[in-house]
Amino acid sequence: MCKECGCGLGGGDVKIGGHSHEHGHEHGHDHAHGHDHHHEHEHPHGSKTLSLNLSLLEKNDRLAEQNRGFFRAKKLLALNVVSSPGSGKTTFIRETAAKLAGKLRVGVIVGDLATDNDAARLRTAGIPVVQITTGTVCHLDAEMVSKAAAQLDLDKLDMLVIENVGNLVCPADYDLGEDLRVVLLSVTEGEDKPLKYPPMFHSAQVAVITKSDMAAAAGFDRKLALQNLERVSHHARIFELSAKTGDGMKAWLDFLGERQAAVAAK
Amino acid sequence: MHEVSIMESAVRMAVDAAKSAGASRVLVLRLRVGTLSGAVPEALRFAFDVVCRDTIAEGASLEMETIPAAGWCPVCRAEFECADFISECPRCHNPNGELRRGRELEIASVEIN
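Residues numbered from 1 in each chain as written. Chains lettered and ligands numbered in written order. Predicted model: local features only at pLDDT ≥ 70, side-chain atom pairs only at ≥ 80, totals over all residues. Heavy atoms only, no water.

**A look at the overall build of chain A**
Within chain A one finds 9 helices and 11 strands. When each of the 266 residues of chain A is scored for burial, the buried share is 53%. Considering only contacts in chain A between residues 6 or more positions apart, those separated by 24 or more positions represent 72%. (Helix = DSSP H or I, 4+ residues; strand = E, 2+ residues; numbered from the N terminus. Buried < 20%, exposed > 50% of the residue type's maximum accessible area, 1.4 Å probe, protein only. Contact = heavy atoms within 4.5 Å.)

**Focus: the overall build of chain B**
Within chain B, the secondary structure is distributed over 2 helices and 6 strands. A compact globule built from 113 residues would reach a C-alpha radius of gyration of about 13 Å, whereas chain B, at 17 Å, exceeds it by more than 25%. The principal-axis extents of the C-alpha atoms in chain B amount to approximately 55 × 30 × 15 Å. When the 113 residues of chain B are sorted by exposure, 54% land in the buried category. Relative to all contacts within chain B whose residues are 6 or more apart in sequence, the contacts with residues 24 or more apart total 68%. (Rg over C-alpha atoms; globule rule 2.2 N^0.38 Å.)

**As for the confidence of the model for chain B**
Per-residue confidence for chain B gives a mean pLDDT of 92, with 99% of residues at or over 70. Scored by ipTM, the complex comes to 0.88, with pTM at 0.84. (pLDDT = per-residue confidence, 0-100.)

**So, the pattern of salt bridges**
Throughout the structure, instances matching the rule amount to 24 salt bridges over all chains. A salt bridge links Asp173(A) to Arg103(B); the nearest nitrogen and oxygen atoms lie 3.5 Å apart. Of this pair, Asp173(A) sits in the loop between strand 8 (159-163) and strand 9 (180-186) while Arg103(B) sits in the loop between strand 5 (98-101) and strand 6 (105-112), which puts the two residues in different chains. Overall, the relative accessible area of 11% leaves Asp173(A) in the buried class. (Salt bridge = Lys/Arg side-chain N within 4 Å of Asp/Glu carboxyl O.)

**Things to note about the interface of chain B and chain A**
Counting residues at the interface gives 41 residues for chain B, matched by 44 residues for chain A. Between chain B and chain A lies a buried interface of about 3,400 Å² when both sides are counted; carbon and sulfur atoms form 61% of it. Across the chain B-chain A interface, the total number found is 11 residue pairs in polar contact (both at pLDDT 80 or more). Take the side of chain B that touches chain A: its biggest share by element is 13 residues, from helix 1 (residues 3-20) of chain B. Classifying every residue of the side of chain B that touches chain A gives 21 nonpolar, 11 polar and 9 charged. (Buried area = accessible area lost by both parts, 1.4 Å probe. Polar contact = N/O pair within 3.5 Å; in protein donor to acceptor, adjacent residues only side chain to side chain. Nonpolar A, V, L, I, M, F, W, Y, C, P; charged D, E, K, R; others polar.)

**Comments concerning the sheet that holds strand 5 of chain B**
Backbone-to-backbone hydrogen bonds join strands into a sheet, with any given pair of strands oriented parallel or antiparallel. All names here are of chain B. Overall, antiparallel pairing links the 3 strands, which are arranged 4-3-5 in an open sheet. The open sheet has two edge strands, strand 4 (78-81) and strand 5, and neither has a second partner. Neighbour to neighbour, the strand axes of the sheet diverge by 40 degrees on average, direction disregarded. (Pairing = 2+ DSSP bridges. Axes fitted to C-alpha atoms, helices over the stretch in contact; angles between N-to-C directions.)

**Focus on the layout of surface pockets**
Residues and elements named next belong to chain A. Computed from the structure, the second largest pocket encloses a volume of approximately 300 Å³. Taken together, 20 residues line the second largest pocket, and the ones lying closest to its centre are Pro85, Gly86, Lys89, Asp112 and Gly166. Listed by contribution, the elements that provide at least two residues to the lining of the second largest pocket are helix 2 (89-100), strand 6 (106-112) and helix 3 (117-124). When residues of the lining of the second largest pocket are assigned to their parent elements, the largest contribution, 3 residues, is made by helix 2. In terms of residue class, the lining of the second largest pocket is built from 6 nonpolar, 9 polar and 5 charged. (1 Å grid on protein atoms, 1.4 Å probe; cavity = no way out; pocket = protein on both sides within 12 Å on 5 of 7 lines; lining within 4 Å. Points joined across faces, edges and corners; volume = space filled by probe spheres on them.)

**Notes on the nonpolar core**
In terms of nonpolar packing, the biggest core is built from 35 residues, with Met7(B), Val11(B), Leu29(B), Leu31(B) and Ile107(B) touching the most fellow members. Looking at this core, the elements that each hand over two or more residues are strand 4 (48-55) of chain A together with helix 1, strand 1 (26-34), helix 2 (41-52) and strand 6 of chain B. Considering every element that reaches this core, the biggest residue donor is helix 1 of chain B, with 10 residues. In contact with Leu31(B), not counting residues within four places along its chain, are Leu56(A), Met7(B), Ala10(B), Leu62(B), Glu63(B), Met64(B), Glu65(B), Glu106(B), Ile107(B) and Ala108(B). (Core = buried A, V, L, I, M, F, W, Y, C linked by side-chain atoms within 4.5 Å.)

**Let's talk about helix 9 (residues 249-265) of chain A**
All names here are of chain A. With 17 residues, helix 9 extends 24 Å between its outermost C-alpha atoms, agreeing within 8% with the 24 Å of an ideal straight helix rising 1.5 Å per residue. Within the span of helix 9, buried status applies to Met249, Trp252, Leu253, Phe255, Leu256, Gln260 and Val263. Taken around the axis of helix 9, the buried residues stretch over an arc of 155 degrees, which confines them to a single face. Summarising the geometry of helix 9, the exposed residues directed more than 90 degrees from the buried face are Lys250, Glu258 and Ala265. For helix 9, the elements touching its buried residues are strand 5 (77-82), helix 2, strand 8, strand 9, strand 10 (206-210) and strand 11 (237-240). (Expected span 1.5 Å × (residues − 1). Arc of directions from axis to C-beta.)

Listed below in structure tokens is the structure:
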């Protein structure tokens, strides 16, 4: 895994919309799981064993469920967009929002280790956006998303797109409260990405092959890529498109329209 | 290295449970780690020593049980070994297996005194 990035060590560096936030500890422990669950037994030397049987991601999962409930109440379709760095997440999101203009109102939360370049790119296109700079943290978590979402006027949105940190490893374990996890695979990355990063591809409900306009130049083997995707994420909906030329975007936008209508009707 | 975040949660849970039980030390922390959990045992072990420092778990030992991944084939109605996320049943080649085990990332128990 990404042994260099020191994720979690520099938790205090997280900035949301340019302001520093204390990250991590203020939610404490509400002990919802109670101590009567603990099974104890004494050992002869005075120590004893407590059975806990808790998920280590329990706190994040709990906050993610809160986010999910909140987004549903606001009738928002929430997407968690993940990929390696440079797969074209920002262009894909910008073009999706631009082409939905007049039909669906899209807001974006962008996660990066540093800079607010991605947010600036989206803001220039007139899209409401909040940047989270994670410092050294290699993924977004549910708490960061909840704080960032509070800075958007959610009542004026139909869809919330969360652009995760470019990383195909760590974000796989962190539920953000999204309706759909969307993983991007650009044609320049190689057809075997799904086999190299199976946890991420397996966890996605939607897989999008991006930069399809460059497929020929990159020598992209489409059949092999689809085969690999289907092996690892057989349940996922697959789209192939170029955000730059607009080719293939219609099927993706129609799909979003259907999913948003389903969320709004609940 | 999300292993550090994960280990921070583990140690926090262990310390909270120990304090609630009136204990002053955490001696052993036992985890269950699935082979497809996305966390690397060596990285968890490395993080453990760092995050235990200056807590009542300092000096505790870490025991990790590896949970091998298993898929379930709806056609054969039987489990199969699943080395990666490829969910094709090795018997009938049905591609729609369902992952049953292997994503565990849990704190099983702590030993305290």
